[in-house]
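Chains, contacts and geometry: an overview
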Amino acid sequence: LYETLARQGYEVMTAVSGTQACEVLKSSRPDVIVLDTTMPGRSGLETARSIREFDDAVPIVLLQGVGEPEITQDARQQAGITEIIRKELGAELFLGSAIDLALKRHNGDPQHRVTTQAAPLHGTLLIVDDEAQVLRLLQRFFESRGLRVLLAPSGEEGLEAVAPHPRRARWQ
């Protein structure tokens, strides 16, 4: 995670536990905090609640493992969680976007106001990728946000999928 964020241009501080994170945060003020739900000593939710005792403004992004129980909106609000990202294959692709969104919300961007639930998206999205795992990951991610998702394993098939009158292949 450290390397992924550093490659994306973020200055990264680390802590090995929720307790250590709280201690570090009392002397440093990051622009955003990324916590894992499962950490030594205390959970990410417990750590977020502790952070809120001395800093009620910093955006917090929580990484939630696959198979872990869903975090209720009430628990999310009580802990002051800004964004939740599922730790699935490729989740690091979305982490930078989640951090950017959390910062925009924190800075009062009216287009990115804080809500208890992400606003659903509407429309159709075409995803073209030759890796089936990536297609499935992106499909789940965007469908969970309300989009209808079309998948294509190649650019040619992607164009065919969105053509108003799909052409039939003619073999000679």
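Attention here is on the structure that accompanies the text. (Residues numbered from 1 in each chain as written. Predicted model: local features only at pLDDT ≥ 70, side-chain atom pairs only at ≥ 80, totals over all residues. Heavy atoms only, no water.)

1. Considering the packing of helix H2 (residues 18-27) against helix H3 (residues 44-54)
The contact between H2 and H3 brings their axes to 10 Å, and the two run at 20 degrees. Taken together, the axes of H2 and H3 lie roughly parallel to each other. The hand of the H2/H3 crossing is right-handed. Contacts between H2 and H3 pair Gly18, Ala21, Cys22, Leu25 and Lys26 from the former with Thr47, Ser50, Ile51 and Phe54 from the latter. Residues belonging to the contact of H2 with H3 are distributed by class as follows: five nonpolar, three polar and one charged. (Axes fitted to C-alpha atoms, helices over the stretch in contact; angles between N-to-C directions. Helix = DSSP H or I, 4+ residues; strand = E, 2+ residues; numbered from the N terminus. Parallel < 35°, antiparallel > 145°, perpendicular 65-115°, else oblique. Left-handed = near helix turned anticlockwise from the far one by under 90°. Contact = heavy atoms within 4.5 Å. Nonpolar A, V, L, I, M, F, W, Y, C, P; charged D, E, K, R; others polar.)

2. Remarks on the pairing of strand S1 (residues 33-36)
Only one face of S1 is covered, namely the face carrying Ile33 and Leu35; the face carrying Val34 and Asp36 is uncovered. Summarising the sheet, S1 and strand S2 (residues 60-65) pair through four bridges and their orientation is parallel. Paired with isoleucine 33 across the two strands is isoleucine 60, which belongs to S2. The β-α-β motif built from S1, the intervening H3 and the parallel element S2 has right-handed crossover chirality. (Buried < 20%, exposed > 50% of the residue type's maximum accessible area, 1.4 Å probe, protein only. Pairing = 2+ DSSP bridges. Right-handed = clockwise from strand over helix to strand, strands pointing away.)

3. Describing the pairing of S2
Across the six residues that make up S2, a large majority, six, are buried. Neither face of S2 is left uncovered, since the one carrying Ile60, Leu62 and Gln64 and the one carrying Val61, Leu63 and Gly65 both have all their residues buried. Two elements, S2 and strand S3 (residues 83-87), share five bridges in a ladder whose sense is parallel. Bridging from a neighbouring strand, leucine 63 pairs with isoleucine 85 of S3. In this region the chain leaves S2, passes through helix H4 (residues 73-79) and returns to the parallel neighbour S3; the handedness of that crossover is right-handed.

Honestly, it's all geometry; don't read function into it.
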